[in-house]
Amino acid sequence: TIEDTYNASIETERGNKEKMRIFDIGGRESEHISIGKHYLTSIDAAIIVYDLTRVETWLHAEKIKQEIERSKERILILFCANKLDLSNQRLIENKEIWCASNKVKYFETSIKERDA
């Protein structure tokens, strides 16, 4: 993905319909990370996905988190480690403790195998 916006309507556990807008910023991995302010002005949560077989994606994810926190004082942040199906190539260990100490949620998944 280069960059895209998706709109969805989801039903919550309580039966309420919520509108969701997903901004896919397309795996930007340069040293000069900058998320446009138009992405950050109206968000209530962020899901930051990284590849557990590539260390640079974890470093990038940390920088994105810092940029989001500079722009939004109160926000729910989730880190999602992708490519769990490639655990034999894993270069980044489980970050659950790091995430807990930094007050972010943590998940590991495999889109290929649909595990969560």
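Before reading on, note that the structure itself is shown above.
Residues numbered from 1 in each chain as written. Predicted model: local features only at pLDDT ≥ 70, side-chain atom pairs only at ≥ 80, totals over all residues. Heavy atoms only, no water.

Caption draft 1: Molecular detail of the overall build of the protein. Secondary structure summary: the protein contains 3 helices and 5 strands in total. Residue pairs at least 24 apart in sequence account for 61% of intrachain contacts in the protein once pairs closer than 6 positions are excluded. (Helix = DSSP H or I, 4+ residues; strand = E, 2+ residues; numbered from the N terminus. Contact = heavy atoms within 4.5 Å.)

Caption draft 2: Summary view of the packing of aromatic side chains. According to the stated counting rule, one finds 5 aromatic pairs in the structure shown. Measuring from centroid to centroid gives 4.9 Å for W58 and W98, while their planes differ by 80 degrees, and the two rings are edge-to-face. Placement of the pair is W58 in helix α2 (residues 55–71) and W98 in helix α3 (residues 96–101), with a sequence separation of 40 residues. With a relative accessible area of 5%, W58 lands in the buried category. Three or more aromatic residues joined by ring pairs make a cluster, and in this case those are Y50, W58, F79 and W98. (Phe/Tyr/Trp six-rings, centres within 6.5 Å; stacked < 30°, edge-to-face > 60°. Buried < 20%, exposed > 50% of the residue type's maximum accessible area, 1.4 Å probe, protein only.)

Caption draft 3: Geometry of the sheet that holds strand β5 (residues 105–108). Spatial ordering of the open sheet is given by β3-β4-β5, a layout of 3 strands whose pairing is parallel. The two strands at the open ends of the sheet, each matched to only one other strand, are β3 (45–51) and β5. Ignoring strand direction, the axes of neighbouring strands in this sheet form an average angle of 20 degrees. This element, α2, spans β3 and β4 (76–82) of the sheet and lies at about 165 degrees to β3. (Pairing = 2+ DSSP bridges. Axes fitted to C-alpha atoms, helices over the stretch in contact; angles between N-to-C directions.)

Caption draft 4: Quick peek at the pairing of strand β1 (residues 4–11). Where β1 lies against strand β2 (residues 17–24), 8 bridges are found, and the strand directions are antiparallel. Bridge pairing links T5 to F23 in β2.

Caption draft 5: Structural detail: the nonpolar core. Ranked by internal contacts, the top residues of the largest apolar core, which has 20 residues, are I48, Y50, I68, I77 and F79. No other element matches the 4 residues that α2 contributes to this core. Residues within four places of I77 in sequence aside, it is in contact with A46, I48, K65, I68, E69, V104 and K105. (Core = buried A, V, L, I, M, F, W, Y, C linked by side-chain atoms within 4.5 Å.)

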